[in-house]
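Listed below are the residues making up each chain.
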Amino acid sequence: MSARRDTVEAPDWSAYRGVLVFVEQRGGEAKKVSWQLLGEGKRLAEKLEVGLIALVIGHQVEHLAEEAVYYGADKVFLCDAPELRAYRTRPYSRVAMKVIDEAKPEICLFGATGTGRDLAGAIATHLPTGLTADTTELDVEPHPSRLLLASRPAFSEKMMATILCKQYRPQMATARAGVFQALARDTSREGDIIRIASPMTEEDIATEVLDFIQGQEKVNLEEADIIVAGGRGLGGPEPFALLKELADALGGVVGASRAAVDAGWIKHEHQVGQTGCTVRPKLYFAIGISGAVQHTVGMSGSEVIVAINKDPDAPIFQTAHYRIVGDLFKIVPAITAEVRKKRAADRAGGTAAPKPPAGAIAEAALLQERSGGH
Ligand SMILES: Cc1cc2nc3c(=O)[nH]c(=O)nc-3n(C[C@H](O)[C@H](O)[C@H](O)COP(=O)(O)OP(=O)(O)OC[C@H]3O[C@@H](n4cnc5c(N)ncnc54)[C@H](O)[C@@H]3O)c2cc1C
């Protein structure tokens, strides 16, 4: 069997060149994963010596085409029409297929979000071509094979599978948010913006979006700039209220280790790590979390990490930028009080541009460290 498979020649795909990234947006605001994928897409495009293409679909999203260039795209296909305001599978997939037909990219990347998964699945089945879902590692083989090596955890995350698409183009993948790094936004970057007409009118579209109801309770860890995460050290569900107070003071959200989730103290949607979310916020608090690799793999890309733990030898301190050794029940309320005081002072002083919260809290953390963590 394998001998026969090896002798099957791959078709000539030389007409397909370039890496395309779908820029997902809602209400004109791009999902962070879009910029992260442009960063990763750039790396792949450079290895293949081709251009990076962005695809922006929506209504009144012209600014996102420019942003895509600032985040690394050489060329942007922009389809801006009223019927594309809210995501719907058919009109969005029609636009994407039109662009794929025109641009002939060899690789297409989408965020592994609800929208990204739906859209990528619709396109892949229509074309048809291969799609690897929820990848966490991407690479390419050099010319002449130019194969996308799309890797994702498999078998309950116990092993990594690298999946190839040898016989069809483009090679498609959805990728997890937070895993890849965006390039620094550079307003001096230049690129071509190509406007295309929407291939469907409202009358052609079978579905209608009546309303969009944002889930009230749903935590969006992947998009959060600040995460205050707690672990088994909290000792029960109640102390998560302390973490929520700190998160609210900072404008962040609450995260958790698996131990806290497994204990039933908080819902799985808050879990950070290998079997939870991968996050890359500006500021991450690890509170009463030991720092097992399955946890740190999901948060070590955070810009600033503050760890609070009573054990000076806790492994989390190797990942943290700011280390606070002490009892979380004393330290967390003290930091919350400090942040609130600083925010009130900023407001009273009428500061036009308050300090970035990451900086402010890093200072607060340092104060705690200097005062012995108590
Ligand atoms: C296949 C697999 C997948 C996994 N996926 C994940 C995942 O996605 N995410 C994840 O988090 N884990 C995951 N785990 C579990 C992981 O290995 C650890 O068991 C888990 O992260 C431990 O959680 P913890 O740090 O909260 O608890 P512990 O390791 O028990 O650490 C608690 C910490 O709290 C400190 N502490 C206690 N009291 C206080 C106090 N009063 N003040 C300050 N500090 C205090 C202690 O010193 C200790 O360091 C996975 C494991 C496996 C095998």
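The structure contained in this document is the topic of the report that follows. (Residues numbered from 1 in each chain as written. Predicted model: local features only at pLDDT ≥ 70, side-chain atom pairs only at ≥ 80, totals over all residues. Heavy atoms only, no water.)

**Some words on the site of the ligand**
- The full set close to the ligand counts 25 residues, and R232, S257, T275, S290 and N309 are the nearest of them.
- In this structure, Q274 approaches the ligand through a main-chain N or O atom, which is 3.0 Å from an oxygen atom.
- Separating a nitrogen atom of the ligand from a backbone N or O atom of L328 is a distance of 2.9 Å.
- For the ligand, the protein covers 77% of the area, taking 990 Å² as the surface of the free molecule.
- Put simply, the parts of the chain that give the shell around the ligand at least two residues each are α7 (258–262), α8 (293–296) and α10 (328–348). (Near = heavy atom within 4 Å. Polar contact = N/O pair within 3.5 Å; in protein donor to acceptor, adjacent residues only side chain to side chain. Areas by Shrake-Rupley, 256 points an atom, 1.4 Å probe, with all protein chains shown as cover. Helix = DSSP H or I, 4+ residues; strand = E, 2+ residues; numbered from the N terminus.)

**Considerations on the layout of surface pockets**
- Estimated volume of the largest pocket: approximately 1,500 Å³.
- Taken together, 44 residues make up the lining of the largest pocket; nearest its centre are K31, N220, L221, E222 and E223.
- Within the residue set of the lining of the largest pocket, elements represented by two or more residues are β3 (29–30), α2 (32–48) and α5 (114–126).
- Looking at the lining of the largest pocket, its residues break down into 14 nonpolar, 14 polar and 16 charged. (1 Å grid on protein atoms, 1.4 Å probe; cavity = no way out; pocket = protein on both sides within 12 Å on 5 of 7 lines; lining within 4 Å. Points joined across faces, edges and corners; volume = space filled by probe spheres on them. Nonpolar A, V, L, I, M, F, W, Y, C, P; charged D, E, K, R; others polar.)

**Section: α10**
- Over its 21 residues, α10 runs 30 Å from end to end, which matches the ideal 30 Å to within 8%, given 1.5 Å per residue.
- All of the buried residues along α10 are L328, I331, V332, I335, T336 and V339. Here the buried residues of α10 occupy an arc of 130° about the axis, which is enough to place them on one side. Across from the buried face of α10, at angles greater than 90 degrees, the exposed residues are K341 and A348. (Expected span 1.5 Å × (residues − 1). Buried < 20%, exposed > 50% of the residue type's maximum accessible area, 1.4 Å probe, protein only. Arc of directions from axis to C-beta.)

**Digging into the side chain of R169**
- Looking at where R169 falls in the secondary structure, it is placed in the loop between β10 (159–163) and β11 (171–175).
- Notably, R169 is buried but unbridged: the nearest opposite-charge side chain belongs to E106, and the N-O separation is 5.8 Å.
- One polar contact links the side chain of R169 to the main-chain carbonyl oxygen of C165, over a distance of 3.0 Å.
- Not counting the four nearest positions on each side in its chain, R169 is found in contact with W13, Y16, E106, T129, S145 and L147. (Lys, Arg positive; Asp, Glu negative; His and termini not counted. Salt bridge = Lys/Arg side-chain N within 4 Å of Asp/Glu carboxyl O. Contact = heavy atoms within 4.5 Å.)

**Considerations on the pattern of salt bridges**
- As enumerated under the stated definition, the model contains 16 salt bridges in all.
- Close ionic contact of E67 with R185 constitutes a salt bridge, the shortest N to O distance being 2.7 Å. Here E67, found in helix α3 (residues 62–70), pairs with R185, found in the loop between β11 and β12 (192–195); they are 118 residues apart in sequence, far enough to count as distant.
- The partner of R117 in a salt bridge is D134, with the nearest N and O atoms 3.6 Å apart. Taken as a pair, R117 in helix α5 and D134 in strand β7 (residues 131–135) lie far apart in primary sequence, 17 residues in all.

**With respect to the packing of helix α4 (residues 89–103) against α5**
- Between α4 and α5, whose axes approach to 9 Å, the crossing angle comes to 55°. When the axis of α4 is compared with that of α5, the two are oblique. Crossing angle aside, the handedness with which α4 passes α5 is right-handed. Within the contact between the two elements, α4 uses T89, Y92, S93, A96, M97 and I100 and α5 uses D118, L119, A122, I123 and H126.
- Residue classes in the contact of α4 with α5 are distributed as 7 nonpolar, 3 polar and 1 charged. (Axes fitted to C-alpha atoms, helices over the stretch in contact; angles between N-to-C directions. Parallel < 35°, antiparallel > 145°, perpendicular 65-115°, else oblique. Left-handed = near helix turned anticlockwise from the far one by under 90°.)

**Brief notes about empty space enclosed by the protein**
- Evaluated as defined, the whole model comprises 2 cavities of 30 Å³ or more.
- Computed from the structure, the second largest cavity encloses a volume of approximately 30 Å³.
- Taken together, the residues of the lining of the second largest cavity sort by class into 5 nonpolar, 2 polar and 1 charged.

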